[in-house]
Amino acid sequence: MLSDFCCSFSGALIRALSEGSGDDSMPLGTMDPATDKLETKHNFGVRKMGKNARKRFRLNKNLSCDNGGLPFQGIFQEFSPLIKKYWWQRYLLFSRFDEGIKMDEEGWFSVTPESIARHHALRCGAGIIIDCFTGVGGNAIQFAQRSKHVIAIDIDSNKIDYAQHNATIYGVEDRIDFVRGDTFLLAPKLKADTVFLSPPWGGPEYAKVTTYDINTMLKPHDGHMLFNVARGIASKVVIFLPRNVDLNQLAELALSANPPWLLEVEKNYLNGKLKAVTAYFTDTSK
Ligand code: MGP
Ligand code: SAH
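Residues numbered from 1 in each chain as written. Chains lettered and ligands numbered in written order. Predicted model: local features only at pLDDT ≥ 70, side-chain atom pairs only at ≥ 80, totals over all residues. Heavy atoms only, no water.

## Examining the site of ligand 1
In the neighbourhood of ligand 1, 19 residues make up the surrounding shell, with Lys85, Tyr86, Val111, Tyr206 and Arg243 lying closest. The backbone of Phe109 places a nitrogen or oxygen atom 3.2 Å from a nitrogen atom of ligand 1. The separation between an oxygen atom of ligand 1 and a polar side-chain atom of Arg243 is 2.7 Å. Taking 660 Å² as the accessible area of ligand 1 by itself, protein coverage stands at 89%. Counting only elements with at least two residues in the shell around ligand 1, the list comes to α4 (84-88), α6 (105-110) and β9 (273-282). Classifying every residue of the shell around ligand 1 by side-chain character gives ten nonpolar, five polar and four charged. (Near = heavy atom within 4 Å. Polar contact = N/O pair within 3.5 Å; in protein donor to acceptor, adjacent residues only side chain to side chain. Areas by Shrake-Rupley, 256 points an atom, 1.4 Å probe, with all protein chains shown as cover. Helix = DSSP H or I, 4+ residues; strand = E, 2+ residues; numbered from the N terminus. Nonpolar A, V, L, I, M, F, W, Y, C, P; charged D, E, K, R; others polar.)

Okay, here's the thing in C-alpha cells:
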C-alpha cells in the first residue's frame, strides 16, 4: 500500500511557526493533522499480489533459500552487503526489474520506489520537467509517462547510461533529453515549469541521526543553495528528502523567498512504512 498525506502550510501558518508562537522546537511533522491543515489523504489501497507476482515471489524466495540462488549471489559479487535489503525491494523500485534494469551501488539505495515516483509525476503535471539528479532514472521514467518534455541531468555518466537504458525498458526514452553535467553549472541556462530535486542525502547513514539537517547533510550543496538555484529555473520546486528531515528548515526555505513561496509537505508511505518526505514549493506571485 502506498499512502501519502500531504499537509499544506499556508504562508500565515509558516509565519506563525517561524515567529515562535507556541512551541517553536516542535517539528511541523509532529502536529496533529486533524487540527493543523491536513488537506488530503490519498489511500492507494492494498493491492493483493496477482497470480504471476505470487509465482515470481515464490520463485525468488526459493532461489534465495536454495543456496542463495543466482540473482542473490550475483548481488553479493557486484555490490556491498548493504545492498541486500534494497534487492529484496527490487520490484517496488522497478516493477519491470526482471526485464533488465541496470543499477549501480548508489542507484540501489537512492532510486525512488516506482509508486512514489509515479505519484510525484502525477503531482508535477504535464509541463516541462527538469530532473536535476536523475540517478538510474526512477523519477525521470515516471515523469516521461505524463510530461511532454523531461530533461534528465546527472553528473555521473554511468548513471545517465543506466537511466537511458532503463527508460528504454519502459518505452519512454524518446521523451527524455539525457544530459551528463553538473546541475549547479547548468542551472543559469535552464527553464522549466517544474524542477525536481532528489539530491544525494549522504548515503543510508542519513537514518542514523534523529533529525536530518538540510544545512549540513545534503550533498553536494546545502538546502538553501539547492532551493535558490532551483527557483531560478521554475516557479514550482519539488524536493525529495529523508523522512527525518527537519520540517522547520523547509518552512524557513519557503520564507527565505520574497514574497514567501507556498510550501506543501507530503509524507510518502510504502506498505505502511514511511519512506521519505516530499516538499512542494510554489511561487504564488506568478
Ligand atoms: P532507506 O531508508 O535507505 O531504505 O531509503 P529503507 O528500505 O526505508 O530502509 P529501512 O532500513 O529504514 O527499512 C528509503 C528510500 O529513500 C530509498 O528507497 C530511496 O528512494 C530514498 N533514498 C535513500 N537514500 C540514502 C537516498 C539518497 O541519498 N538520495 C536520494 N535522492 N534518495 C535516497
Ligand atoms: N531520483 C533518482 C535518484 C537520485 S540519486 C532515481 O530515482 O533514480 C542522486 C544523484 O545525484 C546521483 O545519481 C548523483 O550522481 C547525482 N548528482 C550528484 N551531484 C550532482 C550534480 N552536481 N549535478 C547533477 N547530478 C548530481
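That shown, we press on.
## Topic: the pairing of β9
The buried fraction of β9 is high, at seven of ten residues. Sheet topology places strand β7 (residues 236-242) next to β9; seven bridges connect them, and they run antiparallel. Across the sheet, the residue bridging to Lys236 is Thr282, located in β9. Strand direction decides the pairing type here: strand β8 (residues 262-270) and β9, joined by nine bridges, are antiparallel. Residue Glu266 lies in a different strand from β9, and its bridge partner there is Thr278. Taking the residues that link successive antiparallel strands as the turn, the β8-β9 hairpin has two residues, and the phi of Asn271 there is positive, at about 50°. (Buried < 20%, exposed > 50% of the residue type's maximum accessible area, 1.4 Å probe, protein only. Pairing = 2+ DSSP bridges.)

## Concerning the site of ligand 2
In the neighbourhood of ligand 2, 23 residues make up the surrounding shell, with Thr112, Asn139, Asp154, Asp182 and Thr183 lying closest. At 3.0 Å from a nitrogen atom of ligand 2 is found a main-chain nitrogen or oxygen belonging to Thr183. Across the complex, the protein chains shield 95% of the 590 Å² of accessible surface that ligand 2 would expose by itself. Elements supplying a minimum of two residues to the shell around ligand 2: α6, α8 (138-146) and α10 (183-186). Classifying every residue of the shell around ligand 2 gives eight nonpolar, ten polar and five charged.

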